[in-house]
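# Tertiary structure, described
Given next are the chains, with one letter for each unit.
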Amino acid sequence: MTAAVILAAGQGTRLREVVSDEPKGFLRLGNKPIVQESLERLLAVGIEEIVIVTGYSNGHYEALASLYSGKVRTVHNEMFAESGSMYSLYRARHLVKTPFLLLESDLVYELRALQVLMEHSGGEAILISGPTNAGDEVYVATRDGNLDGMSKDPAALDGEIAGELVGISKISADLFARMLRISEMVFETSLKFDYETDALVAAGKEMPIPCPLVKDLLWAEIDDPRHLQRARDEIYPKIKCAVAL
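What you see is a predicted model; the values in this text were computed from it and never measured.

## Details of the overall build of the protein chain
Within the protein chain one finds eight helices and 11 strands. Taking 18 Å as the expected radius of gyration for a compact globule of 245 residues, we find that the protein chain reaches 17 Å, a close match to that expectation. Across its three principal directions, the C-alpha atoms of the protein chain cover 45 × 40 × 35 Å. Within the span of the protein chain, comprising 245 residues, buried residues form 54% of the whole. Taking as baseline every contact in the protein chain between residues at least 6 positions apart, the subset at least 24 positions apart corresponds to 73%. Per element, the accessible surface of the protein chain, about 10,800 Å² overall, is 49% carbon and sulfur.

## Things to note about the layout of surface pockets
Reported here for the largest pocket is a volume of approximately 1,000 Å³. In terms of lining, the largest pocket is formed by 44 residues, of which the most central are Lys24, Glu104, Asp106, Glu221 and Asp223. When residues of the lining of the largest pocket are traced back to their parent elements, those giving at least two are strand E1 (3-8), helix H4 (85-91), strand E9 (160-171), helix H7 (195-204), strand E11 (219-221) and helix H8 (225-244). Sorting elements by how many residues they give to the lining of the largest pocket places E9 first, with four residues. Counted by class, the lining of the largest pocket contains 14 nonpolar, 16 polar and 14 charged residues.

## Focus on the pairing of strand E2 (residues 49-54)
Counting buried positions over the six residues of E2 gives five, a clear majority of the element. Judged from the six bridges that link them, E1 and E2 form a sheet pairing that is parallel. Bridging from a neighbouring strand, Ala4 pairs with Ile50 of E2. Where E2 and strand E3 (residues 72-76) come together, five bridges link them in parallel fashion. Counted as the bridge partner of Val51 is Arg73 from E3. This β-α-β element, E2 to helix H3 (residues 59-65) to E3, shows right-handed connectivity.

## So, unusual backbone geometry
One non-glycine residue, Ser57, lies in the positive phi region at around 50°. Structurally, Ser57 is set in the loop between E2 and H3. The class of Ser57 is partly exposed, set by a relative accessible area of 22%. The backbone phi angle of Asp144 is positive, close to 55°, even though this residue is not glycine. Residue Asp144 is classed as exposed on the basis of its relative accessible area of 80%.

The rules we used
- Residues numbered from 1 in each chain as written.
- Predicted model: local features only at pLDDT ≥ 70, side-chain atom pairs only at ≥ 80, totals over all residues.
- Heavy atoms only, no water.
- Helix = DSSP H or I, 4+ residues; strand = E, 2+ residues; numbered from the N terminus.
- Rg over C-alpha atoms; globule rule 2.2 N^0.38 Å.
- Buried < 20%, exposed > 50% of the residue type's maximum accessible area, 1.4 Å probe, protein only.
- Contact = heavy atoms within 4.5 Å.
- Areas by Shrake-Rupley, 256 points an atom, 1.4 Å probe, with all protein chains shown as cover.
- 1 Å grid on protein atoms, 1.4 Å probe; cavity = no way out; pocket = protein on both sides within 12 Å on 5 of 7 lines; lining within 4 Å.
- Points joined across faces, edges and corners; volume = space filled by probe spheres on them.
- Nonpolar A, V, L, I, M, F, W, Y, C, P; charged D, E, K, R; others polar.
- Pairing = 2+ DSSP bridges.
- Right-handed = clockwise from strand over helix to strand, strands pointing away.

If you want it as structure tokens, here you go:
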């Protein structure tokens, strides 16, 4: 696996006072924007081609891509304000011809998150963690270790709640083809369709999608000021310490 897609089209409205006119992937917890740190982790584990799907304030990502000498490309979701995350992924369909890692731009995470997926024996996998108590969690239910459902409301899930969605997944060609087919039917009436709780769950009804669990994974998604404070005060310092060790 040598390709990755980063979904970065979101407007980050809950963080607007912090990020101003920048996309939320350009938040800084260290010396570089968090999305740039993610790029460098991907390159460190052998990823050679990275596609960033842009939306709000896309010029920042285009400037970032220019720093990586052809290894990073962008594609723009011009409908970012009216669509869900699956439509952003759909916009990258002509640029990814091989299996790929799929990430969200607003994540901070330890290198181990990528290594677990790269080393996973199957062609597809959804990385999950133990409880974070971060707020706004997406819970993942499994049956026999495979995806059964996802929801922010655990009571809405029938299967065993195995962990929380991290936002880093391994997408095989077969899985991607199913996600595209499923989403194209939905796009006939609405672009509001998400890659995880909608497309992945629907594809999981057709094929087994393993959900490897790393109970003690260091990671954080940054959607709002509370998430930002947790990432800055609790998670990022531990990630930096783990790198130093």
